[in-house]
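# Results of the structural survey
Listed below are the residues making up each chain.
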Amino acid sequence: MKFFTADICDAYKEDVQVLHSGYRSYGGAERFAGPIRTLKLVRNNYELIHLLKEPGEGAVAVVDVGAEYWAVVGENLIKFARDNGWAGILVHGYVRDIHVTVTVPVGLLALGTCPRKSFESNEGIRETELSFGGVTFRPGDWLFADEDGAVVVEKSLAEEIVRS
């Protein structure tokens, strides 16, 4: 699928939500898109491990950890995403092991890096509406990301974009 986020913004103006700046690419795929699957976490990645071990079918995992300074994605999780068909991961938080994550052909956007991870075991909340970075993320809507940034559109509009 070929797309440019700038072209999506130009063509669909008011129907596009644009993720605020501050998110950087740490994955091996600069351009990725797919339906959104959401996950709210509290400081750890326990539930994210389980999610990424499930068939992704080209989806994008949108993960909110409240921007706490703990890494929730590293080399193991991005490899789970690759092996199970995920297009990408957007983290409202931090990642680590970027010497490896940049070599794996999965999109990975995050606020930055942090070498530590949490060893707590908390439950996450799946498929719930999340809001951060100036965007409201709803399960089933689509995220498109490239070198210019990331945009979110409703499912019906995404189907039109994908067809064009």
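Relevant structure appears above.
No experiment lies behind these values; they were computed from the predicted model shown.

## Some details on the pattern of salt bridges
- For the structure on display, the rule yields 11 salt bridges.
- Between Asp64 and Lys40 there is a salt bridge, with the nearest N and O atoms lying 3.7 Å from each other. With Asp64 in strand 4 (residues 60–64) and Lys40 in strand 3 (residues 32–40), this residue pair connects regions lying 24 residues apart in the sequence.
- Glu54 is paired through a salt bridge with Arg126; the nearest N and O atoms lie 2.8 Å apart. Taken together, the positions of Glu54 in the loop between helix 2 (46–52) and strand 4 and Arg126 in strand 10 (residues 125–126) put the pair 72 residues apart, joining distant regions of the chain.
- Salt bridges sharing partners connect three or more residues here, namely Arg37, Glu47, Glu54, Arg126 and Glu127.

## Digging into the sheet that holds strand 9 (residues 112–113)
- Read from one edge of the open sheet, three strands run 5-7-9, paired in parallel fashion. Among the strands making up the open sheet, the edge pair consists of strand 5 (71–73) and strand 9.
- Across two bridges, strand 5 lies against strand 7 (residues 94–95) in parallel orientation. Paired with Ala71 across the two strands is Tyr94, which belongs to strand 7.

## Overview of the side chain of Asp141
- The topology assignment puts Asp141 in the loop between strand 12 (135–137) and strand 13 (142–146).
- Look at Asp141: it is buried, it has no salt bridge, and the nearest opposite charge is Arg138 at 4.0 Å.
- Sequence-distant contacts of Asp141, that is, excluding residues within four places in its chain, are made with Gly34, Pro35, Ile36, Val152, Val153, Glu154 and Lys155.

## So, unusual backbone geometry
- In this structure, Lys13 is a non-glycine residue whose phi angle is positive, near 20 degrees.
- Structurally, Lys13 is set in the loop between helix 1 (5–12) and strand 1 (17–18).
- Overall, Lys13 belongs to the exposed group, its relative accessible area being 57%.
- Here Ala67, not a glycine, exhibits a phi torsion of approximately 60 degrees, which is positive.
- Within the secondary structure, Ala67 sits in the loop between strand 4 and strand 5.

Cut-offs used in this document
Residues numbered from 1 in each chain as written. Predicted model: local features only at pLDDT ≥ 70, side-chain atom pairs only at ≥ 80, totals over all residues. Heavy atoms only, no water. Salt bridge = Lys/Arg side-chain N within 4 Å of Asp/Glu carboxyl O. Helix = DSSP H or I, 4+ residues; strand = E, 2+ residues; numbered from the N terminus. Pairing = 2+ DSSP bridges. Buried < 20%, exposed > 50% of the residue type's maximum accessible area, 1.4 Å probe, protein only. Lys, Arg positive; Asp, Glu negative; His and termini not counted. Contact = heavy atoms within 4.5 Å.

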